[in-house]
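What follows is each chain in one-letter form.
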Amino acid sequence: MSRPEAPTLAPRAISRDSTNMHVNTLILGAGAAGLMAAAHAGPSTLVIDHAKAPGEKIRISGGGRCNFTNLYAGPENFLSQNPHFAKSALSRYTQWDFIDLVTRHGIPYHEKTLGQLFCDTSAKDIIAMLLAEMAPADLWLNTAASDIRHDGQFHATLTRDGKATPVTACNLVLATGGKSIPKMGATGFAYQIATQFGLNVIPPRPGLVPLTFGDTFSPISGTALPTRVTARGTTFEEATLFTHRGLSGPAILQASSYWDEGETISINLAPTTDLMDVLSTAKASDGRKAVSTVLAQHLPKRLVQFLADTLPAGPMAELADATLAELAQRLHHWQLTPAGSEGYRTAEVTLGGIDTADLNSKTMEAKACPGLYAIGEAVDVTGWLGGYNFQWAWSSGWACGQAISAGERRASPA
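Report follows, based on the coordinates.

So, how was this worked out
Residues numbered from 1 in each chain as written. Predicted model: local features only at pLDDT ≥ 70, side-chain atom pairs only at ≥ 80, totals over all residues. Heavy atoms only, no water. Helix = DSSP H or I, 4+ residues; strand = E, 2+ residues; numbered from the N terminus. Buried < 20%, exposed > 50% of the residue type's maximum accessible area, 1.4 Å probe, protein only. Contact = heavy atoms within 4.5 Å. Areas by Shrake-Rupley, 256 points an atom, 1.4 Å probe, with all protein chains shown as cover. Lys, Arg positive; Asp, Glu negative; His and termini not counted. Charge placed at Lys NZ, Arg CZ, Asp CG, Glu CD. Arc of directions from axis to C-beta. Polar contact = N/O pair within 3.5 Å; in protein donor to acceptor, adjacent residues only side chain to side chain. Core = buried A, V, L, I, M, F, W, Y, C linked by side-chain atoms within 4.5 Å. Disulfide = S-S within 2.5 Å. Pairing = 2+ DSSP bridges. Axes fitted to C-alpha atoms, helices over the stretch in contact; angles between N-to-C directions.

Right, let's get into the overall build of the protein. Counting secondary structure elements, the protein contains twelve helices and 22 strands. Counting only residues that meet the buried cut, the protein has 53% of its 414 residues in that class. Here the analysis covers contacts within the protein between residues at least 6 apart in sequence; of these, 73% occur between residues at least 24 apart. As displayed, the protein has an accessible area near 17,400 Å², and 52% of this comes from carbon and sulfur atoms. One way to put it: in the protein the 32 positive side-chain charges average out to a point 5 Å from where the 36 negative ones average out.

So this is what it looks like as structure tokens:
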């Protein structure tokens, strides 16, 4: 698929009269999706954000190097009450399109694991690229929006530096994200505006988040190992990390998006090793060894010590094959019930959000309110860990911007 060309942007067409500012498109949120939409929405576009700098989640992501997409991104990597909704945007603006954009801006990158692409130098390169792409749209930071209403056009009061500016817009784009990482200013603002205009909101909850078990695993905090973790029938084979408060690591974060409170998760502590074969071989070759001694050759020693009270005692030779089989089964299917999760404080994404049933999957426009768009994390589309959520931001932002640029809705002259 060839990359769609960005529209040629006319000079700024933002206009004022004595009491009002008129724009064609007002985008709430200067994150990944909002900046991408601004790059394609055409002239007379204004992006606002309450933060001091644009793209703050981009800046901190991937340890400061931004896992900006995934080579294997596809609809199957996303959660939504309508799993088909994301197909249109993801197929029309793919990971290859964004990679092409990154390449054209001369940003060096590399694949880390499992198709995850990171900047070689800094996530700030992606932010600079997006800001260059969105020119000549205007960007207002340290700006709050209030008194949002609609009477055929959208009206809002924008306040920055203590000064309130009334703004009228033909198009309003909700790109303020979800509730994850509130210390960066994340709120449910997009949900409030969506509800105000009659859109349904799927109850949000934290996703890609560590799971808590009290201080159960405190004695082995810091221990990590390759695992296969299953939650509600979906399995991820990556590392698990034991923490003072519970479990983390890529496999746990992935599974957390499928886990609901009160449910059990299953952990295979040795996904690439047949522990029954290991135990049987050890029993036949050196029956004097203890089970813990044999397991410590295949699992972290601290973990084996932690599990010692649950392991059969005595020399291997004295243990029945059925006992060893039951132990192997338990270690390959360790059943655990988390007490909860770390919540939005550390969640990388927000599950749920603006109901896709109320949006056009091709344009991201609200079906019942022409000119209102919702994109990115604000929508009930949530990706796996590994660059998928950024790809949804690029794809949904592009779809929205293209629809606005190609549409006939234009701001009234001042």
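Right, let's talk about helix 8 (residues 275-285) for a bit. Regarding helix 8, the residues found buried are L275, V278, L279 and A282. All buried residues of helix 8 fall inside an arc of 95 degrees around its axis, so they share one side. Exposed and oriented more than 90 degrees from the buried face of helix 8 are A284 and S285. Here the buried face of helix 8 lies against helix 9 (291-295) and helix 11 (321-332). Two or three places before M276, at the opening of helix 8, D274 has a side-chain oxygen 3.1 Å from that residue's backbone nitrogen.

Below, the discussion takes up the nonpolar core. Core analysis: the largest hydrophobic core is formed by 83 residues, its most contacted members being I126 and W394. With ten residues, the single largest contributor to this core is helix 12 (residues 388-406). In this structure I126 touches I58, C66, F68, F98, V102, I107, C119 and W394, once residues within four positions along its chain are discounted. One finds A251, A255, W259 and W334 within the second-largest nonpolar core, a separate group that totals 41 residues.

What follows covers the state of the cysteines. Inspection of the entire model under this criterion finds zero disulfides. For the unlinked cysteine C119, the closest cysteine sulfur is that of C66, found at 5.3 Å. In this structure C369 is not part of a disulfide, and its nearest cysteine sulfur, from C170, lies 12 Å away.

The subject of this paragraph is the side chain of E342. Within the secondary structure layout, E342 lies in the loop between strand 19 (340-341) and strand 20 (349-354). In terms of polar contacts, E342 uses its side chain to reach the side chain of R245, at 2.7 Å. Setting aside anything within four residues of it in sequence, one finds E342 in contact with V209, P210, T212 and R245.

A word on the pairing of strand 14 (residues 224-231). In summary, the side chains of a regular strand alternate between the two faces of the sheet. With burial as the criterion, only one face of strand 14 is covered, namely that bearing L225, T227, V229 and A231; the residues A224, P226, R228 and T230 on the opposite face remain uncovered. With eight bridges connecting them, strand 14 and strand 15 (residues 234-242) associate as antiparallel partners. Counterpart to A231 in the pairing with strand 15 is T234. Counting the residues in the hairpin turn of strand 14 and strand 15 gives two residues, including R232, whose phi is positive at 50 degrees. As paired strands, strand 14 and strand 17 (residues 265-268) are joined by three bridges and run antiparallel to one another.

Here we come to the sheet that holds strand 4 (residues 67-70). The strand order across the open sheet formed by three strands is 4-7-6, and the pairing between neighbours is antiparallel. Both edges of this open sheet fall to strand 4 and strand 6 (109-111), since each of them pairs with a single strand only. Adjacent strand axes in the sheet meet at a mean angle of 30 degrees, parallel and antiparallel pairs treated alike. Pairing analysis gives three bridges linking strand 6 to strand 7 (residues 116-119), with the strands arranged antiparallel.

Further remarks concern the sheet that holds strand 18 (residues 334-336). Overall, antiparallel pairing links the seven strands, which are arranged 18-17-14-15-16-13-19 in an open sheet. Each edge of the open sheet carries a strand with a single partner, namely strand 18 and strand 19. Sheet topology places strand 13 (residues 211-212) next to strand 16 (residues 246-248); two bridges connect them, and they run antiparallel. Each bridged residue has a counterpart across the sheet, and for L211 the counterpart in strand 16 is L247. Lying over the sheet, helix 11 contacts strand 17 and strand 18, oriented at roughly 115 degrees with respect to strand 17.

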